[in-house]
Amino acid sequence: MTEQEALMLAQAGIDGSGTLLIDADTRSIYVPESEKFFGVESDQNVERKKFKCPKIVGDNIDLSTLHLYINYQNGNGNKDSYMIQDMAVSGEYITFSWVLSRNVAEYKGTVRFVFCAKKADSSGNLVNEWNTTVAEGEVIEGLEATVTVADNNPDIIEQMLTLLKNVSDEPVFTEARTRENVTNGDKVPVLWGKVKKWFADLGTAAFCKVVNNLTTAAEGGVLDARQGKELNDALAKLNKLMGNTDISGIGNGTVTGALLTLNSKAKILQQIKTGIVVNVTAGQYKGGSLLVFGRKNPNGVAAFLVSYFRNESSDNLVAEIVPLDGKTYTAVCDNAKITITGGNLAMYSRMSALSGDGFIHSSVEAL
């Protein structure tokens, strides 16, 4: 072993036996003494040679994306090619192996071989090809007891037929660990492994129609992401209408229960002619608040808040109205009452009044 070979082996993490190492700079293949034995004449698929090669070579060519071969010439000078099928990436290197077929060991003598990597475009035109120099192994003399006549199927043809059979009959593959898009150059098992991962993660949704509305009731559909905003906007409107007041202590704690309880405490105002009157108890610091709502005659909605208060016994009441229906209401106050007119308080309208303090200091009637 030369000093350069020892350094190369150390960099690749190889102890010097069991693996053939390819030097990307010199294009040579280092064959350890223990690996120069390529079998006995007439052996078939009983020896495997393991290789290690830098992943990136030449002008930044990534060998893991190319098709890889061992081109060889057996002891009788017959040439053939072996298509590598077990390439794996290991850090900055690729690893693979070559199973020595009957064609390799058919004759005793020296087997000469090179490593070859090729890439073609979609039209079959060669884009890249990277080769090593020739390395050698030795097949020693053996003896066949009988001579049989058999079809001579070169390695590359036999491998291609085997691959085609696997693809057409029962392709063997493993589900990918993560979802990835398929890419040019993916081997068949890798490609189907990626496809299986997508179907496994998506489940039945992979076969569902995407629906971009909130009205479709047919089975087998999934919502378009844009409907998420529609639902979120609707929920925001509902939350705004409901507010954040705790109603657990009203009725049975539900919205409907709270409404029933509040309705039972509401003052019903029928046969309104011109408005409503809020009568306030005489005395100092008297007041209250009301929510007035109902149906405007013949159709329409009337709704407003009114707040009122008296500081001293001799003072007139002060009132403030907040319309909820966009209309304008007028409040006329004296020492004893507030008269509210205008807005949607039309003749024969029917209203309800809810008191914020339970009508402690006031009462209300139709005017």
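Draft legend 1. Structural view of helix α3 (residues 188-202). Taking 1.5 Å of rise per residue, the 15 residues of α3 would be expected to cover 21 Å, and the 21 Å separating its terminal C-alpha atoms lies within 8% of that figure. Within the sequence span of α3, burial applies to G193, K194 and K197. The buried residues of α3 occupy an angular sector of 100 degrees when projected down its axis, which confines them to one face. Positive backbone phi, approximately 60 degrees, marks G203, located one or two places after α3.

Draft legend 2. Geometry of the environment of L100. For L100, the location among the structural elements is in the loop between β10 (93-99) and β11 (109-120). For L100, a relative accessible area of 3% puts it in the buried group. Separated by 54 residues in the primary sequence, L100 and V46 have C-alpha atoms spaced 6.9 Å apart.

Draft legend 3. Representation of a nonpolar patch on the surface in the model. A cluster of nonpolar side chains, namely F173, V188 and W192, defines an oily patch on the protein surface of about 250 Å² accessible area. Mapped onto the secondary structure, W192 falls in helix α3. Residue W192 is classed as partly exposed on the basis of its relative accessible area, which comes to 41%.

Draft legend 4. The pattern of salt bridges, seen in detail. Under the criterion given, the structure shown has 13 salt bridges. Close ionic contact of R112 with E136 constitutes a salt bridge, the shortest N to O distance being 3.7 Å. On the criterion of sequence distance, the pair formed by R112 in strand β11 and E136 in strand β13 (residues 135-140) is long-range, its members being 24 residues apart. Relative accessible area serves as the criterion here: at 45%, E136 is assigned to the partly exposed category. In this structure, the salt-bridge partner of D334 is K337, at a minimum N-O distance of 2.8 Å. Assessed through its relative accessible area of 31%, K337 is described here as partly exposed. Through salt bridges with shared partners, a single network forms among R179, K197 and D201.

Draft legend 5. A look at the sheet that holds strand β20 (residues 318-323). The 5 strands are arranged β16-β23-β18-β19-β20 in an open sheet whose pairing can be described as antiparallel. The sheet is open, and its two edges are formed by β16 (267-272) and β20, each paired on a single side. Each adjacent strand pair in this sheet contributes to an overall mean axis angle of 25 degrees, direction not counted. The sheet contact formed by strand β18 (residues 286-295) and strand β19 (residues 301-310) spans 10 bridges and is antiparallel. Along β19, the bridge assignment pairs F293 with A303.

Draft legend 6. Just the nonpolar core, in detail. In this structure, W98, F113 and F115 are the most contacted members of the largest nonpolar core, which totals 31 residues. The set of elements that each furnish at least two residues to this core consists of β1 (19-22), β4 (48-54), β7 (67-73), β10, β11 and β13. Core analysis: the second largest hydrophobic core is formed by 20 residues, L269, V292, V306 and A353 among them.

Draft legend 7. The arrangement of the confidence of the model for the protein chain in detail. For the protein chain, per-residue confidence averages 85 on the pLDDT scale, and residues scoring 70 or more make up 84% of the total. A low-confidence stretch, residues 147-151 (pLDDT under 50), is modelled with 0 contacts involving residues beyond four sequence positions or located in other chains.

What counts and how
Residues numbered from 1 in each chain as written. Predicted model: local features only at pLDDT ≥ 70, side-chain atom pairs only at ≥ 80, totals over all residues. Heavy atoms only, no water. Helix = DSSP H or I, 4+ residues; strand = E, 2+ residues; numbered from the N terminus. Expected span 1.5 Å × (residues − 1). Buried < 20%, exposed > 50% of the residue type's maximum accessible area, 1.4 Å probe, protein only. Arc of directions from axis to C-beta. Patch = residues over 30% accessible without salt bridge, like charges linked within 9 Å, V, L, I, M, F, W, Y side chains within 5 Å. Areas by Shrake-Rupley, 256 points an atom, 1.4 Å probe, with all protein chains shown as cover. Salt bridge = Lys/Arg side-chain N within 4 Å of Asp/Glu carboxyl O. Pairing = 2+ DSSP bridges. Axes fitted to C-alpha atoms, helices over the stretch in contact; angles between N-to-C directions. Core = buried A, V, L, I, M, F, W, Y, C linked by side-chain atoms within 4.5 Å. pLDDT = per-residue confidence, 0-100. Contact = heavy atoms within 4.5 Å.

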